[in-house]
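Structure assessment
The primary structure of each chain is shown beneath.
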Amino acid sequence: MSESGTAGTRGRFFVTTPIYYLNGQPHIGHAYTSIAADVLARWKRLSGHDVFFLTGTDEHGQKVEQAAVAAGLSPQEFTDRLAGDFRSMAERIGISFDDFIRTTEERHKRSCAALWEKLAAGGHIYLGHYEGWYAVRDEAFYGPDEIEDRNGQKVAIASGAPVEWTREPSYFFRLSDWTDRLLAFYEANPDFMAPASTRREVVSFVRAGLQDLSISRTSFKWGVPVPGDEAHVMYVWLDALTNYITAAGYPDTGADRWGFWPADVHMVGKEITRFHCVYWPAFLMAAGLEPPKRVYANGWLTIEGQKMSKSLGNGLDPLLLAEEFGLDPLRYYLLREVPFGNDGDFSRRAVVGRLNSELANDLGNLAQRSLSLIQRNCEGRLPALTAPTEADRELLGPLEALPAAVDEAISRQAFGEALERIWTVVRLGNSWIDAQKPWSLKKTDPVRMEAVLRSLHTLLRGLATILQPFMPGTMAAMLDQLAVGEGARGLSDLATPLADGTALPPPAPLFRKIDEAA
Ligand code: ME8
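Residues numbered from 1 in each chain as written. Predicted model: local features only at pLDDT ≥ 70, side-chain atom pairs only at ≥ 80, totals over all residues. Heavy atoms only, no water.

1. Regarding the overall build of the chain
Looking only at helices and strands, the chain has 17 helices and 18 strands in total. The globule rule puts the C-alpha radius of gyration for 518 residues at 24 Å, and the 26 Å found for the chain is close to it. With respect to the principal axes defined by its C-alpha atoms, the chain has extents near 90 × 50 × 40 Å. With 518 residues in all, the chain has 58% of them scored as buried. Considering only residue pairs separated by 6 or more positions, the chain has 76% of its internal contacts joining residues 24 or more positions apart. A total of about 20800 Å² of accessible surface is found on the chain, and carbon and sulfur atoms cover 51% of it. Charge-centre separation for the chain: the mean point of 53 positive side chains lies 4 Å from the mean point of 66 negative side chains. (Helix = DSSP H or I, 4+ residues; strand = E, 2+ residues; numbered from the N terminus. Rg over C-alpha atoms; globule rule 2.2 N^0.38 Å. Buried < 20%, exposed > 50% of the residue type's maximum accessible area, 1.4 Å probe, protein only. Contact = heavy atoms within 4.5 Å. Areas by Shrake-Rupley, 256 points an atom, 1.4 Å probe, with all protein chains shown as cover. Lys, Arg positive; Asp, Glu negative; His and termini not counted. Charge placed at Lys NZ, Arg CZ, Asp CG, Glu CD.)

2. A few points about the packing of aromatic side chains
Within the structure shown, the criterion is met by 27 aromatic pairs. With 6.1 Å between their ring centres and 25° between their planes, W258 and W261 make a pair best called stacked. Residue class for W258 comes out buried when judged on its relative accessible area of 13%. What makes W261 buried here is its relative accessible area of 7%. Put simply, the rings of F14, F52, Y244, Y250, W258, F260, W261 and W280 pair up and form one aromatic cluster. When the ring centre of W300 is taken as origin, the NZ or CZ atom of K270, which lies over that ring, is 4.8 Å away. Positioned above the aromatic ring of F205, the side-chain terminus of R274 is 3.8 Å from the ring centre. (Phe/Tyr/Trp six-rings, centres within 6.5 Å; stacked < 30°, edge-to-face > 60°. Lys NZ or Arg CZ within 6 Å of the ring centre and 35° of its normal.)

3. Observations regarding the nonpolar core
Ranked by internal contacts, the top residues of the largest apolar core, which has 180 residues, are I422 and F470. If you tally residues by element for this core, the top one is helix α12 (residues 348-377), at 12 residues. Non-local contacts of F470, meaning those with residues more than four positions away in its chain, are made with V39, D328, R331, L335, I410, F415, A418, L419 and I422. (Core = buried A, V, L, I, M, F, W, Y, C linked by side-chain atoms within 4.5 Å.)

4. Side note on the side chain of S111
Relative to the helices and strands, S111 resides in helix α4 (residues 106-121). The exposure class assigned to S111 is buried, which follows from its relative accessible area of 0%. Discounting chain neighbours no more than four positions away, the residues touching S111 are T242, I245, T246, Y250 and P251.

5. Considering the packing of helix α16 (residues 446-467) against helix α17 (residues 472-481)
Packing of α16 against α17 leaves a shortest axis separation of 9 Å and a crossing angle of 155°. Judged on the interaxial angle alone, α17 and α16 are roughly antiparallel. Note on packing geometry: the crossing formed by α16 with α17 is left-handed. Residues L460, R461, A464, T465 and L467 of α16 form the contact with α17, whose participating residues are M475, M478 and L479. Here the residues of the contact of α16 with α17 sort into 6 nonpolar, 1 polar and 1 charged. (Axes fitted to C-alpha atoms, helices over the stretch in contact; angles between N-to-C directions. Parallel < 35°, antiparallel > 145°, perpendicular 65-115°, else oblique. Left-handed = near helix turned anticlockwise from the far one by under 90°. Nonpolar A, V, L, I, M, F, W, Y, C, P; charged D, E, K, R; others polar.)

6. Examining empty space enclosed by the protein
Applying the stated criterion to the full structure yields 1 cavity of 30 Å³ or more. Volume-wise, the largest cavity comes out at about 70 Å³. Lining the largest cavity are Y20, S34, T55, G56, F86, M89, A90, I93, I95 and F100. Secondary structure elements with two or more residues in the lining of the largest cavity: β2 (50-58) and α3 (75-92). Top element by residues in the lining of the largest cavity is α3. It accounts for 3 residues. Classifying every residue of the lining of the largest cavity by side-chain character gives 7 nonpolar, 3 polar and no charged. (1 Å grid on protein atoms, 1.4 Å probe; cavity = no way out; pocket = protein on both sides within 12 Å on 5 of 7 lines; lining within 4 Å. Points joined across faces, edges and corners; volume = space filled by probe spheres on them.)

7. Structural notes on the pattern of salt bridges
Counted by the stated rule, this structure contains 34 salt bridges. Residues R12 and D256 are paired through a salt bridge, measuring 3.0 Å at the closest nitrogen-oxygen approach. Within this pair, whereas R12 is found in strand β1 (residues 12-21), its partner D256 is found in the loop between α8 (243-247) and β14 (265-269), the two being separated by 244 residues in sequence. Judged by its relative accessible area of 59%, D256 falls in the exposed class. In the salt-bridge network here, residues are joined through shared partners; they are R336, E337, R354, E358, E420 and R427. (Salt bridge = Lys/Arg side-chain N within 4 Å of Asp/Glu carboxyl O.)

8. A few points about the pairing of β1
Where burial is concerned, most of β1 is hidden: 9 out of the 10 residues are buried. In terms of strand pairing, β1 meets β2 through 8 bridges, oriented parallel. Within the sheet, the bridge partner assigned to V15 lies in β2 and is F53. The parallel pair β1 and β2, bridged by helix α1 (residues 28-46), forms a crossover whose chirality is right-handed. (Pairing = 2+ DSSP bridges. Right-handed = clockwise from strand over helix to strand, strands pointing away.)

9. Things to note about the sheet that holds strand β17 (residues 306-307)
Strand order across the open sheet formed by 3 strands is β17-β16-β18, with mixed pairing between neighbours. The strands lining the two open edges of the sheet, one partner per strand, are β17 and β18 (344-345). Sheet topology note: the strand β16 (residues 301-303)/β18 ladder contains 2 bridges and is parallel. In the sheet register, L301 faces β18, and the bridge partner there is G344.

Dropping the structure here:
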């Protein structure tokens, strides 16, 4: 990867997406979390970390089994087909994953069995009977106070998913032992969960007291068998969460890859925080393993106020949207429009608005104007670097401060804020070029004209470098136009200026505007 020229010098970084259920086609909601995680992974590579970026598919459980039956296929045939769709969707929206895990893989079954055995050996598991409400759509158990009657049907209050009364033999995890230890863990690790709304919700759920958790099922077969008792398959969430350590090599904790554990950030949607912030650290601590460092829960993308979901079948296809608007404008919009962590409505009109004004006008025109002036007035060669004047410093000072400011926002997963900080400098560039008027300097002060154009080139190179994680394809094209070599696109390369007189290719528009009335 071109951005990873300095990989490894700043330490390891492990970031994950949820592994998605294979019960339908991927939609823009999945793309949303994956794109955010991808920006984080690319940013860390760009700033010199050795990154391990994991995504994949959650293939067991009743919900997937039911979807396979409905499609007239065996669960294995069904998941083989759909996993390919999820993987190719991830590739086509630019997700730079290092590993794609499927929970039906042997390495994963081995890891689940090892974790189970470790929990059992520690006395954290016992055999009992489960009796209560289960929602297949959420693959979750609900207490009597968490369900209600809607139009004659019992549903989970939180998600609206129908629940069924279930009674079967089951193994239990002694989650009730962990109430105090989890609260102490949250207290000692204030960055463990974000945003603040997630933290509040999780803490109040745990404070109310935890009950033992049913972690096996006997009423269907599509799962990882419980070691030593094959009448049971593991509860799909125990299986699914384990994917994160499987990919890090568990149970081979002596192998190099294990050096990535604990994960730096699990990026998830807000409806699955209970699994990631309560069950997962409890399982891990019980097994003597370290919990992840952070779980970040994004809000819901809605369409006309309704959450998109595979079960409801109202999802927008990310590939069609990428075709319509361009992939990079779509990625930009998703992270720019709504403060990350909040819910937000997807609006075509807003995508077009941002594409036309912020991408095509603010950034695209700045590049086009500056590069055309260099073509026309400097024979397409990069003007020489000279000592900056005060005016140059007004432009380049804020640019130099930008990587640290963007890093600070991205480390909080405040992607919209990071883009806002970048756009402050883009807008500064536009007002600066208007004030410097390089087009009118050719006759009056050609030396100053060259210095102004060189400063603009420095600005564009900095912006394009910093924006690569958000819009990888377009920024690669922009860096090509700026004649920045593929091995010189990391943040640390910004300290090394391009050689004076470097030949620049003729500029071409970076963004395609869309007619707002169409
Ligand atoms: O929950 N808005 O899988 P899943 C925002 N297999 N994000 C959305 C979204 C929307 N409308 N719709 C989906 C599962 N997402 C489990 C996860 S992890 C060990 C197991 C995103 O296919 C969001 O990240 O239902 C959400 O948490 C995830 O997709 C749910 O995907």
